[in-house]
Structure formats: C-alpha cells, structure tokens
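One-letter residues, chain by chain:
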Amino acid sequence: MKDLSGKTCWLIGASEGLGRALARQLHDQGMVLILSARNGARLTALCDELSGARALVMDVTDPTAVARAAAEAGHADLVIYNAGAYDPMATGAWDTGAILRMSEVNYTGAVHVIGAILPQFLGRNAGEIVLIGSLAAYRGLPGALGYGPAKAALRSMAETMRHDLRGSGVAVKLVNPGFIRTRLTARNSFRMPMLMTPEQAAGHVLRAIRKRRFRTDFPVPFSWAIRALATLPDVVVWRGR
Ligand SMILES: NC(=O)c1ccc[n+]([C@@H]2O[C@H](COP(=O)([O-])OP(=O)(O)OC[C@H]3O[C@@H](n4cnc5c(N)ncnc54)[C@H](OP(=O)(O)O)[C@@H]3O)[C@@H](O)[C@H]2O)c1
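Residues numbered from 1 in each chain as written. Predicted model: local features only at pLDDT ≥ 70, side-chain atom pairs only at ≥ 80, totals over all residues. Heavy atoms only, no water.

*Asks:* I'd like a description of the packing of helix H3 (residues 63-73) against helix H4 (residues 96-124), backed by residues and values.
*Replies:* The contact between H3 and H4 brings their axes to 9 Å, and the two run at 35°. With respect to the hand of their crossing, H3 and H4 are arranged in right-handed fashion. Where H3 approaches H4, its residues Pro-63, Val-66, Ala-67 and Ala-70 are matched on the opposing element by His-112, Val-113 and Ala-116. Within the contact of H3 with H4, the residues separate by chemical class into 6 nonpolar, 1 polar and no charged. (Axes fitted to C-alpha atoms, helices over the stretch in contact; angles between N-to-C directions. Helix = DSSP H or I, 4+ residues; strand = E, 2+ residues; numbered from the N terminus. Left-handed = near helix turned anticlockwise from the far one by under 90°. Contact = heavy atoms within 4.5 Å. Nonpolar A, V, L, I, M, F, W, Y, C, P; charged D, E, K, R; others polar.)

Written out as structure tokens, the structure is:
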C-alpha cells in the first residue's frame, strides 16, 4: 500500500510497545486510525494525542467482542494484527494454561479478526491484512514454548492465505521482527542480539506496509542468521540428547 494518506487502518494491539509506536508513525503518514487492545485507558490517552483516531476496546480471545468491534470499525483499508503475548517457558516448566493463552492471543485471535474482516475485503475486492509474526516462527527455539508454535501457525496461515487470495484484490503480508525492547521482552534474562527500540521496529513495519513484498524479516543480518538456522539439518543444530 504505497499511499497511506486518508486511508483507514484498524490496528490491533495498539496500546503498548511496537503497536503504540506504529500508531504514531501511521498517523504521521495521514492515516485514519482505529486502535484496539484491552486497555481502554492507554488507548484513550493515545487517541487524545493522535487527532482523528478512535479507540475500540477488544479482547482478541473473545470472538463475540471481535465481531462487535469489526462491525463498529466499519470500513477499513488496512488491518494490522499486532496483538501478542509471550511468557518465557521451557518444557520442564510446562504450564498448559499459559501455553493456551499464548496460542489464543498470537494465533487464534488473528483467526477471529481475519474471519470478521475478510468478507468485507472480499466483497470489495480490496484491502490489506498485515500479520505481525516473529523470527521465532522459523525454528523451535529454547524457552519459546507456547510463543514459537503459535507464531509458526500464524506464519503458515499467512503463507496459505497468500496463495489463496491471489487475484482477489485482497493482499496479506507477514512481518517478522527480531528482538524489540518492550514489556514483552523485559522478562528475558539472556542477551538479545540487535535489540531494537519500538520506534525502530515500527519504521521497519511501515516500510513493509509500503512495499508489495509478502514477507519482511528484520533486522538484517540477524534475520538472515535465523533463516539460515532454519534450513540446517537437525543433526547440525541439535547435538546430543
Ligand atoms: N518484543 C519483541 O521482541 C517482539 C519480537 C518479535 C515479534 N514481536 C511481536 O510484536 C507484536 C507486539 O509486541 P510488543 O513487543 O510490542 O508487545 P507488548 O508491548 O506487550 O504489546 C502487545 C500488544 O498486544 C495487545 N494484546 C495483548 N493481549 C491482547 C488481547 N488478548 N486482546 C487484545 N489485545 C491484546 C496489548 O494490549 P493490552 O494489554 O492493552 O490488551 C498490546 O497493545 C506482538 O505480536 C509480538 O509477538 C515482538
């Protein structure tokens, strides 16, 4: 989507971190914003800052709330699914409830949102869906139980949609960031290579929205390293039992 000015964007996961920074950058481009998340106070404060923006409080894990919000949102040219949840968890500390919660926010929530918006887009033969995934989708990584599998599902869904929507006028894009300094990563105790600010990451997402390319992985060269790791045979990556 080259020209953003005057177009309407429904941004889901706008109250914090990457989404909050992205909302500001999309507003600077002249977009009309509909901002969603659970925290109404944070959304209202952001809307006060960004003229013309309106808040639609919504929990993506509640399909009724998502359908209601989509009806209230009305016309949209661009939908960005940025909602995400992450709890570092290794297999030895298995927590079924936490894994399912991560799956619901990172993957099932996107299913609810796409299900609510796609009929409108297909009816108009127009519209763009941007899914914020993660480099963690490319290979099972230590401590990413719950998060990695849900992002892998999101990646797979985006790849399928890309094929199925060819010729429909509706576009889907997948944007996979590396590490960003937000509340999500605040609990990571390991060193995060090429850690970005939310503003830097939002700049990457904005450029991805403007391009025709289906997939954007960033930052380079960290994303190249992760993609290369994903192509290596298991025997090279995981030694021992
Ligand atoms: N931080 C990183 O290193 C990193 C790396 C790769 C990918 N990502 C992805 O980037 C996206 C943004 O992450 P972030 O780091 O900016 O995290 P964040 O600061 O925690 O923001 C996550 C956003 O998702 C919203 N959200 C969470 N659960 C929700 C729910 N049930 N219903 C509706 N909204 C919900 C949050 O709002 P409320 O709490 O108000 O609901 C918030 O606006 C996520 O998809 C994440 O997986 C992040």
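*Asks:* Now, about the pairing of strand E4 (residues 78-81): what can you tell me, with residues and values included?
*Replies:* Side chains Leu-78 and Ile-80 of E4 all project onto a buried face; the interleaved residues Val-79 and Tyr-81 project onto the opposite face, where all are buried too. Pairing between E4 and strand E5 (residues 128-132): 4 bridges, direction parallel. The partner of Tyr-81 across the bridge, within E5, is Leu-131. In this region the chain leaves E4, passes through H4 and returns to the parallel neighbour E5; the handedness of that crossover is right-handed. (Buried < 20%, exposed > 50% of the residue type's maximum accessible area, 1.4 Å probe, protein only. Pairing = 2+ DSSP bridges. Right-handed = clockwise from strand over helix to strand, strands pointing away.)

*Asks:* I'd like a description of the sheet that holds strand E3 (residues 54-57), backed by residues and values.
*Replies:* Taken in spatial order, the 7 strands of this open sheet run E3-E2-E1-E4-E5-E6-E7, and their pairing is parallel. Every interior strand has two partners, whereas the edge strands, E3 and strand E7 (215-218), have only one. When strand polarity is set aside, the average angle formed by the axes of neighbouring strands in this sheet is 15°. Contacts between helix H1 (residues 17-28) and the sheet are confined to strand E1 (8-12), strand E2 (32-37), E4 and E5, with E1 contributing the most and set at about 170° to the helix.

*Asks:* Please provide a residue-by-residue account of the site of the ligand, values included.
*Replies:* By nearness alone, 29 residues border the ligand, and Arg-38, Tyr-147, Ile-180, Thr-182 and Arg-183 come closest of all. Within the backbone of Asn-82, one N or O atom sits 2.9 Å away from an oxygen atom of the ligand. At 3.4 Å from an oxygen atom of the ligand is found a main-chain nitrogen or oxygen belonging to Gly-84. Secondary structure elements with two or more residues in the shell around the ligand: H1 and helix H5 (147-164). Of the residues contributing to the shell around the ligand, the split by class is 13 nonpolar, 11 polar and 5 charged. (Near = heavy atom within 4 Å. Polar contact = N/O pair within 3.5 Å; in protein donor to acceptor, adjacent residues only side chain to side chain.)

*Asks:* Provide a residue-level description of the nonpolar core, including the pertinent values.
*Replies:* Considering soluble globular proteins, one finds that nonpolar side chains tend to be buried as a cluster. If you look at the biggest cluster of nonpolar residues, it comprises 33 residues, and the most contacted ones within it are Leu-11, Leu-26, Leu-33, Leu-35, Ile-80 and Ile-209. Contributions of two or more residues to this core are made by E1, H1, E2, helix H2 (40-49), E4, E5 and helix H6 (198-210). Top contributing element to this core by residue count: H6, with 6 residues. Those residues in contact with Leu-11 that lie beyond four places of it in its chain are Gly-19, Leu-22, Ala-23, Leu-26, Ile-34, Leu-35, Ser-36, Ile-80 and Asn-82. In terms of nonpolar packing, the next biggest core, distinct from the first, is built from 31 residues, Trp-10, Ile-114, Met-157 and Val-170 among them. (Core = buried A, V, L, I, M, F, W, Y, C linked by side-chain atoms within 4.5 Å.)

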